[in-house]
Amino acid sequence: MLDIRLRSRPGATSFEADIKSYARTRHWSAALHSFQESSKLHSHVSESLYTSIISAQGKGRQWQRALALLSEMWSAKLEPNVISYSAGISACEQSGQWLQALALLGDMPEAKLEPDVFFSYSAGISACGKGEQWQRALALLSQMGEAKLEPNVIFSYNAGISACEKGEQWERALALLREMREAKLERSIISYSAGISACEKGEQWQRALELFDRCGRRSSSAPSFSYNAAISACEKAEQWQRALALFGQMLEARLEPNVIEFALPGVASRTCDRGIVVR
DNA sequence: ATAGGGTTAG
């Protein structure tokens, strides 16, 4: 009996668990609803719970809600910290609201918070990239340099390369890769993949393949991304033999191509009809 | 001790 009553009015921890599991399973509005219930029942809602729910709103592309929750924190006498702000910036980024993302980033010093290289800046740079604001993305990158936000700027560099890619600035993307090398920053498979994609958009398939060779395409983190970008570059340049060769290499390396990778070299219909590999 | 996002293809 007692158990049932306890369950019908769950405590804070149970709400937290519920909310997080809703967020994991992408039930954003259920997460928010659960959160609102929990706010009603408990006088105190933790910063971390607010941050989780802000993040969940971002994933559900509900940037207005995310921003509203962030300002609600102040009225609830909670102090949003770097993590809360980063979640907010990220929410704006995911919703394509680069201006809002930059506004939040700019608000941080006023709240006596120092933007974090790992998340605040990279989310802001990504937001600019998505909004086709590569100049602003690069401005943020150099702003970080001035603020001496070293050494782990790899994430931000990668976001910057991607911003150049989206803005069709392949030369600048390559320049960033070079800068990374000079600064002795580790260029991950992600850095290279973003660079390859930039070359692809700029119709520089030879350069794309050069980068592909350089990145080693070993099974580090997500090698299929770099294969994908390289195959796509060949496909755009009508280098179908090369695209097929890369595709073959992918199979040899025991990477499982997905449907799109099948489609790219123009072999999709034949191979897929025979039901090979694709699941 | 509890939260936060670095890439791509169609």
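Residues numbered from 1 in each chain as written. Chains lettered and ligands numbered in written order. Predicted model: local features only at pLDDT ≥ 70, side-chain atom pairs only at ≥ 80, totals over all residues. Heavy atoms only, no water.

Going by an unreviewed UniProt entry, chain A carries the name Pentacotripeptide-repeat region of PRORP domain-containing protein and comes from Prorocentrum cordatum.

## Things to note about the environment of Leu69
Tracing the backbone shows Leu69 in helix 5 (residues 63-75). Judged by its relative accessible area of 5%, Leu69 falls in the buried class. With 196 residues separating them in the primary sequence, Leu69 and Pro265 have C-alpha atoms 46 Å apart. (Helix = DSSP H or I, 4+ residues; strand = E, 2+ residues; numbered from the N terminus. Buried < 20%, exposed > 50% of the residue type's maximum accessible area, 1.4 Å probe, protein only.)

## A closer look at the UniProt feature "repeat: PPR" (unreviewed entry) in chain A
Within the UniProt annotation, "repeat: PPR" (unreviewed entry) is assigned to residues 46-80, 81-115, 153-187 and 223-257. Helix makes up 66% of residues 81-115 and strand makes up 0%, while its end C-alpha atoms are separated by 10 Å. Counting secondary structure, residues 223-257 comes out at 77% helix and 0% strand; the distance between its end C-alpha atoms is 11 Å. (UniProt positions renumbered as here; feature names shortened; annotations may be inferred.)

## Structural notes on the packing of aromatic side chains
Following the criterion strictly, the structure yields five aromatic pairs and no others. Here a set of aromatic residues connected by ring pairs shows up, and it is made of Phe118, Phe119 and Phe155. (Phe/Tyr/Trp six-rings, centres within 6.5 Å; stacked < 30°, edge-to-face > 60°.)

## Things to note about the protein's contact with DNA strand B
The immediate surroundings of DNA strand B are formed by 33 residues, with Glu93, Gln94, Lys166, Phe225 and Asn228 found nearest. Interatomic distance of 2.9 Å between a side-chain N/O atom of Ser188 and a base nitrogen of DNA strand B. Ser193 has a polar side-chain atom sitting 3.3 Å from a base oxygen of DNA strand B. Of all elements in the fold, only helix 4 (47-59), helix 6 (82-94), helix 8 (117-130), helix 10 (154-166), helix 12 (189-201) and helix 14 (223-236) reach the threshold of two or more residues within the surface near DNA strand B. Taken together, the residues of the surface near DNA strand B sort by class into nine nonpolar, 18 polar and six charged. (Near = heavy atom within 4 Å. Polar contact = N/O pair within 3.5 Å; in protein donor to acceptor, adjacent residues only side chain to side chain. Nonpolar A, V, L, I, M, F, W, Y, C, P; charged D, E, K, R; others polar.)

## Observations regarding the pattern of salt bridges
One pass over the full model with this rule turns up five salt bridges. Glu93 is paired through a salt bridge with Lys130; the nearest N and O atoms lie 3.2 Å apart. Taken together, the residues Glu93 in helix 6 and Lys130 in helix 8 connect sequence positions 37 residues apart. With a relative accessible area of 43%, Lys130 lands in the partly exposed category. Close ionic contact of Lys236 with Glu200 constitutes a salt bridge, the shortest N to O distance being 2.3 Å. In this pair, Lys236 sits in helix 14 while Glu200 sits in helix 12, placing the two residues 36 residues apart along the sequence. Using a relative accessible area of 9% as the deciding quantity, one classes Glu200 as buried. (Salt bridge = Lys/Arg side-chain N within 4 Å of Asp/Glu carboxyl O.)

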